[in-house]
Amino acid sequence: MLIVVAVSLGIVLALLAAGFPIAYLLAHKMKQDAYKRFPFLISLAILFGFAISAFASVFSYGSLGIDTYPYVFITLLILSWVIFLILKKKWKFKMGIFGSKFDLLLLLPIAWSLFLSRSNWTSLTAPIIRAGDGPDTSQNLMTALSARTLGNTWWSQAHNINSFFGHDSLRQSVMDLYRYPSFRDQAGFDYLVFGTRWGLSVPYSQILRFFGDKATIWETGVVLLVALITLSIMVFGLFSLFSKSSVAATATALICVSNSALLVQYFNGGLSQVWSIAGILGLFTALSLLLQRRRVEQPFSSWIVGIVAFASWLVLLATYVDAAIILALFIFLTLPIYYFFNRTVFKDMLRIIPLSGLAVLAATPVLTYATLITFDLRLRAATGTGIPSAIWAFP
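Numbers given for residues are sequential positions, taken from 1 along each chain in its written order. Local features in this predicted model are restricted to residues of pLDDT 70 or higher, and side-chain atom pairs are both shown and tallied only at a pLDDT of 80 or more, whereas totals for entire chains, interfaces and linings draw on every residue. Calculation of side-chain values draws on the structure's entire complement of heavy atoms; hydrogens and water are dropped beforehand.

Hey, could you run me through the overall build of the protein chain in this one?
Counting secondary structure elements, the protein chain contains 19 helices and two strands. The globule rule used here is 2.2 Å times the number of residues to the 0.38 power, and the radius of gyration it is set against is calculated over C-alpha atoms. In terms of overall dimensions, the protein chain is globule-like: its C-alpha atoms have a radius of gyration of 21 Å, near the 21 Å expected for 395 residues. Projected onto its principal axes, the C-alpha positions of the protein chain cover 65 × 55 × 50 Å. To sort residues, take the accessible area from a 1.4 Å probe on protein chains only and compare it with the maximum for the residue type: under 20% means buried, over 50% means exposed, and anything in between is partly exposed. Burial status across the protein chain gives 52% buried among its 395 residues. Should any heavy atoms of two residues lie within 4.5 Å, those residues are counted as being in contact. Look at the contacts in the protein chain between residues 6 or more apart in sequence, and 76% of them connect residues 24 or more apart. We get accessible surface area from the Shrake-Rupley algorithm with a probe of 1.4 Å; when it comes to residues, only the shown protein chains can shield them. Carbon and sulfur atoms form 69% of the exposed surface of the protein chain, whose accessible area is close to 18,000 Å². Charge convention: Lys and Arg are scored as positive, Asp and Glu as negative, and His as well as the terminal groups of each chain are ignored. The location of each charge is read from NZ of Lys, CZ of Arg, CG of Asp or CD of Glu. Each charge sign in the protein chain was given a centre, from 28 positive and 15 negative side chains, and these centres are 16 Å apart. Secondary structure elements follow DSSP: runs of H or I of four or more residues count as helices, runs of E of two or more count as strands, with numbering from the N terminus.

Encoded structure:
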């Protein structure tokens, strides 16, 4: 318990420290005290923390080398604080965070998150792996184990698997993937070279680098606890946009953390899925800000919403691109509703949300290329899931 909780809280605090400067600067530019409330600020902070971590994963594994992730992340963290202090002096504002004693109710869903994660340890000092029947949990663990041994960057790993099979294209190598003699390395190539699940596997490979392979058994517990704490913070903060009731925000956060479908997905291997929660809730935060900005006397600039959406798309693309596809489809399907009920919001959504996604694709060229090169094969492989599958077929 103590190991999982200590590592999880360390990750959450690092993410908050990295994302807080950007979150506060945006809240300041919104020119409303409501956006400087403690729940909303830390909600934005953890979103931008995940985005900085995702960019560090993409930049290190995509270009510099996977072992440079800690240095890239720390550099970005320091850079965000330097920019904050420079702009604070330039804009001449005093820091002020608004809140009430009832905001401490946020500790309840966080404590509940800890309770729901208790299956991942047997005593104070004995972590354990709990998983369902599917292969995805073991694949995530083996990916973290093999990430640093397959090659230094995505390019070198792609070259290595092509060379092994004697192919010139990853599209050919992916068809022979399960002929690779090491099952552990199969998992690594699958999730890193072909699956582009860099947002979780790259950072966790560095935890293994510093703590040793014994930290492998921590991963399921750490991922679940960090994800549930993130869910608690972001739901609480998102609810505070619409209501000042901390009791209602607490109840909503408790309900979301207790989502049985989410826990079942995690239990059956959805580690990257739950790690991408910040991106999912970040997009809903961006949509909520789009709705709210027209309701105040002096609407804040739409570029603020664009930055929130950019951070959200970045987390999703780097961690679990399937979630990005699903959310893009969801937004596309809801656009006609706004067209008939609020043309202004419709125009804002049509302009900001897609452009921020395209900006992410442009800002992460290696990840974009790695995603697109086998994208059609990914879609073809997904045809046996969801409604077309035997489990979810229509009656």
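Sorry if this is basic, but what is going on with the nonpolar core here?
Side chains that are nonpolar tend, in soluble globular proteins, to be buried together. In this text, buried Ala, Val, Leu, Ile, Met, Phe, Trp, Tyr and Cys residues form a nonpolar core when linked through side-chain atoms within 4.5 Å. Ranked by size, the top nonpolar core spans 122 residues in total, and within it Trp154, Trp198, Leu289 and Trp313 carry the most contacts. Aside from chain neighbours lying at most four places away, what touches tryptophan 154 is Tyr61, Leu170, Leu192, Val193, Trp198, Val366, Tyr369 and Ala370.

Can you walk me through the pattern of salt bridges in this structure?
A pair can form between side chains of opposite charge whenever their charged atoms are brought close. The salt bridge definition used is simple: a Lys or Arg side-chain nitrogen within 4 Å of an Asp or Glu carboxyl oxygen. This model, assessed by the stated rule, comprises seven salt bridges. A salt bridge links aspartate 103 to arginine 37; the shortest N-O distance between them is 3.6 Å. Taken together, the residues aspartate 103 in the loop between helix 3 (69–91) and helix 4 (107–116) and arginine 37 in the loop between helix 1 (2–30) and helix 2 (38–64) connect sequence positions 66 residues apart. Take aspartate 103: its relative accessible area is 5%, and that puts it in the buried class. Here arginine 148 ties to aspartate 67 by a salt bridge, and the two come within 2.7 Å at their closest N and O atoms.

Explain the confidence of the model for the protein chain to me, please; I cannot follow it from the model alone.
If pLDDT is low for a region, its predicted coordinates should not be looked at in detail. Each residue carries a pLDDT score, the predictor's confidence in it, ranging from 0 to 100. Scored by pLDDT, the protein chain comes out at a mean of 88, with 95% of its residues at no less than 70. At the level of individual helices and strands, the protein chain shows its lowest average pLDDT in helix 19 (residues 375–381), which scores 71, and its highest in helix 2, which scores 95.

Looking at this model, I keep getting lost on the environment of asparagine 140. Mind explaining?
Mapped onto the fold, asparagine 140 is located in helix 5 (residues 136–146). For asparagine 140, a relative accessible area of 0% translates into the label buried. Residues asparagine 140 and leucine 192, 52 residues apart in the sequence, show an inter-C-alpha distance of 10 Å. In this view, asparagine 140 contacts Tyr191, Leu200, Glu219, Gly269, Leu271 and Ser272; residues no more than four positions away in its chain are not counted.

What is the right way to look at the packing of aromatic side chains in this model?
The geometry of two aromatic rings is summed up by the distance between their centres and the angle between their planes. Pairing of aromatic side chains requires ring centres within 6.5 Å, counting the rings of Phe and Tyr and the six-membered ring of Trp. Pairs whose planes differ by under 30 degrees are stacked, by over 60 edge-to-face, and all others tilted. Counting across every chain of the model gives 25 aromatic pairs. Where tryptophan 81 meets phenylalanine 84, the ring centres are 5.6 Å apart and the plane angle is 75°; that geometry is what we call edge-to-face. On the criterion of helical spacing, the pair formed by tryptophan 81 and phenylalanine 84 is a turn pair, its members being three residues apart in helix 3. Given the relative accessible area of 32%, tryptophan 81 is considered partly exposed. Classification of phenylalanine 84 by relative accessible area gives buried; the value is 1%. An aromatic cluster of three or more residues is present, and its members are Phe20, Tyr24, Trp81, Phe84, Trp91 and Phe93. Between lysine 29 and the ring centre of tryptophan 91, over which it is positioned, the NZ or CZ distance is 4.7 Å. Ring-over charges, as used throughout, are those where CZ of Arg or NZ of Lys falls within 6 Å of the ring centre and within 35 degrees of the ring normal.

Hey, could you run me through a nonpolar patch on the surface in this one?
Here the term patch refers to residues with relative accessible area over 30% and no salt bridge, with like charges joined within 9 Å and nonpolar side chains (Val, Leu, Ile, Met, Phe, Trp, Tyr) within 5 Å. A cluster of nonpolar side chains, namely Ile74, Ile78, Val82 and Ile86, defines an oily patch on the protein surface of about 350 Å² accessible area. Take isoleucine 86: it is sitting in helix 3.

Before we go on, may I ask you to explain helix 6 (residues 154–165) in this structure?
An α-helix turns once per 3.6 residues; consequently, residues spaced three or four apart project the same way. To estimate how far a helix should extend, the number of its residues minus one is multiplied by 1.5 Å. Counted at 1.5 Å a residue, the expected span for helix 6 with its twelve residues is 16 Å, and the 17 Å between its end C-alpha atoms agrees. Those residues of helix 6 lying buried are Trp154, Gln157, Ala158, Ile161, Asn162 and Phe165. Mapping the buried residues of helix 6 onto a view down its axis gives an arc of 130°, with all of them on the same face. At its buried positions, helix 6 is contacted by helix 2, helix 7 (170–173), helix 8 (183–194), helix 9 (198–211) and helix 18 (365–372). Relevant arc is that of directions from the helix axis to the C-beta atoms, nothing else.

Can you help me understand unusual backbone geometry in this one?
Residues other than glycine seldom take positive phi values, yet lysine 31 does so here, at roughly 60°. On the secondary structure map, lysine 31 appears in the loop between helix 1 and helix 2. A positive phi angle is found at lysine 92, which is not glycine, with a value near 55°. Following the sequence through the fold, lysine 92 ends up in the loop between helix 3 and helix 4.

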